[in-house]
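Listed here are the chains, written in short residue letters.
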Amino acid sequence: MPYAAITYRVKPGHEDEIAEIFAGFQRVDTPVFTGDDGAAAGRLLGTAVFIKDDVMVRIIHYEGEFAAIARHMAGQRGVHLIEEQLAPYLQEQRDTGDEAGFGRYFRDAVMRCISQLSVETHPAQR
């Protein structure tokens, strides 16, 4: 099951304030997300957020179509609340107020994956 990483450039020295914002994160209403046709396209299995100095990374563990995740997240109230609270700590402001803006940022901030290993792909499992 794949992982994706989304980057945020934040102002250094605010790690504790940002951690406090994420401590109150409102989870998505459902982990199942849909495709363009409205049919189930996958589900979110888990997320994690890491921060060091001026870099914050959100790791997304999912199954299904990655492209559908941005649309799903753009419709979640908790995501918009986090975005508003993070704004003062971001090095660059971005427009995530609507689905198109959120999707643009999501696509632009995704890190290139160079390796994903899991127990399912381990040679001993074959």
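Look up: the structure comes first, before these words.
Residues numbered from 1 in each chain as written. Predicted model: local features only at pLDDT ≥ 70, side-chain atom pairs only at ≥ 80, totals over all residues. Heavy atoms only, no water.

**Q** Is there a simple way to think about the nonpolar core in this case?
**A** Inside soluble globular proteins, nonpolar side chains tend to come together where they are buried. Counting residues in each nonpolar core, the largest one holds 27 residues, and the members touching the most others are Tyr8, Ile69 and Leu86. Elements with a contribution of two residues or more to this core: β1 (3–9), α1 (15–23), β3 (40–52), β4 (55–64), α2 (67–74), α3 (77–86) and α4 (99–109). Broken down by element, the residue count for this core peaks at 5 residues, all from α2. Ignoring sequence-local partners within four residues, the contact set of isoleucine 69 consists of Phe33, Leu44, Ile60, Tyr62 and Phe106. (Core = buried A, V, L, I, M, F, W, Y, C linked by side-chain atoms within 4.5 Å. Buried < 20%, exposed > 50% of the residue type's maximum accessible area, 1.4 Å probe, protein only. Helix = DSSP H or I, 4+ residues; strand = E, 2+ residues; numbered from the N terminus. Contact = heavy atoms within 4.5 Å.)

**Q** Mind showing me how you'd approach the pattern of salt bridges here?
**A** Where charged atoms from two side chains of opposite charge come close, those side chains can pair. Going through the model one piece at a time under the given rule, you end up with 5 salt bridges. A salt bridge links glutamate 63 to arginine 43, with the shortest nitrogen-to-oxygen separation between them at 2.4 Å. A residue pair is termed long-range when its members are at least 10 positions apart, and glutamate 63 in strand β4 and arginine 43 in strand β3 qualify at 20 residues. When its relative accessible area of 23% is taken as the criterion, glutamate 63 is described as partly exposed. Where lysine 52 meets aspartate 53, a salt bridge forms, and the shortest distance between an N and an O atom there is 3.8 Å. (Salt bridge = Lys/Arg side-chain N within 4 Å of Asp/Glu carboxyl O.)

**Q** Just checking my understanding: could you explain the sheet that holds β4 for this structure?
**A** Paired through backbone hydrogen bonds, the strands of a sheet run either parallel or antiparallel to each other. Here 4 strands make up an open sheet; going across it, the order is β1-β4-β3-β2 and the pairing antiparallel. The outermost strands of the open sheet, each flanked by one partner alone, are β1 and β2 (32–34). Averaged over neighbouring strand pairs, the angle between their axes works out to 35° when direction is ignored. Bridging between β2 and β3 involves 3 bridges; their strand directions are antiparallel. Counterpart to phenylalanine 33 in the pairing with β3 is glycine 42. (Pairing = 2+ DSSP bridges. Axes fitted to C-alpha atoms, helices over the stretch in contact; angles between N-to-C directions.)

**Q** Sorry, what's going on with α3 here?
**A** At 3.6 residues per turn, the α-helix brings residues three or four places apart onto the same side. Those residues of α3 not exposed but buried are Gly78, Val79, His80, Ile82, Glu83 and Leu86. Contact partners of the buried residues in α3: β1, α1, β4, α2 and α4.

**Q** What should I look at first to understand the environment of arginine 104 in this one?
**A** Structurally, arginine 104 is set in helix α4. What makes arginine 104 partly exposed here is its relative accessible area of 43%. When the C-alpha atoms of arginine 104 and phenylalanine 50 are compared, they prove to be 22 Å apart, with 54 residues separating the residues in sequence.

**Q** Whenever I open this one, unusual backbone geometry confuses me. Can you help?
**A** If a residue is not glycine, its phi is most likely negative; likewise, a peptide bond is most likely trans. In the Ramachandran plot, aspartate 53 falls in the positive-phi region, its phi being about 55° despite a non-glycine side chain. Along the chain, aspartate 53 falls in the loop between β3 and β4.

**Q** Would you take a moment to explain the packing of α2 against α4 for this structure?
**A** Packed helices, taken two at a time, are described by the angle their axes make and the gap between the axes. Running from N to C, α2 and α4 cross one another at 135°; their axes reach a closest spacing of 9 Å. Considered as vectors, α2 and α4 are oriented oblique to each other. Note that α2 runs across α4; the crossing there is right-handed. Here α2 contributes Ile69, Ala70, Arg71, Met73 and Ala74 to the contact with α4, which in turn contributes Glu99, Phe102, Gly103 and Phe106. (Parallel < 35°, antiparallel > 145°, perpendicular 65-115°, else oblique. Left-handed = near helix turned anticlockwise from the far one by under 90°.)

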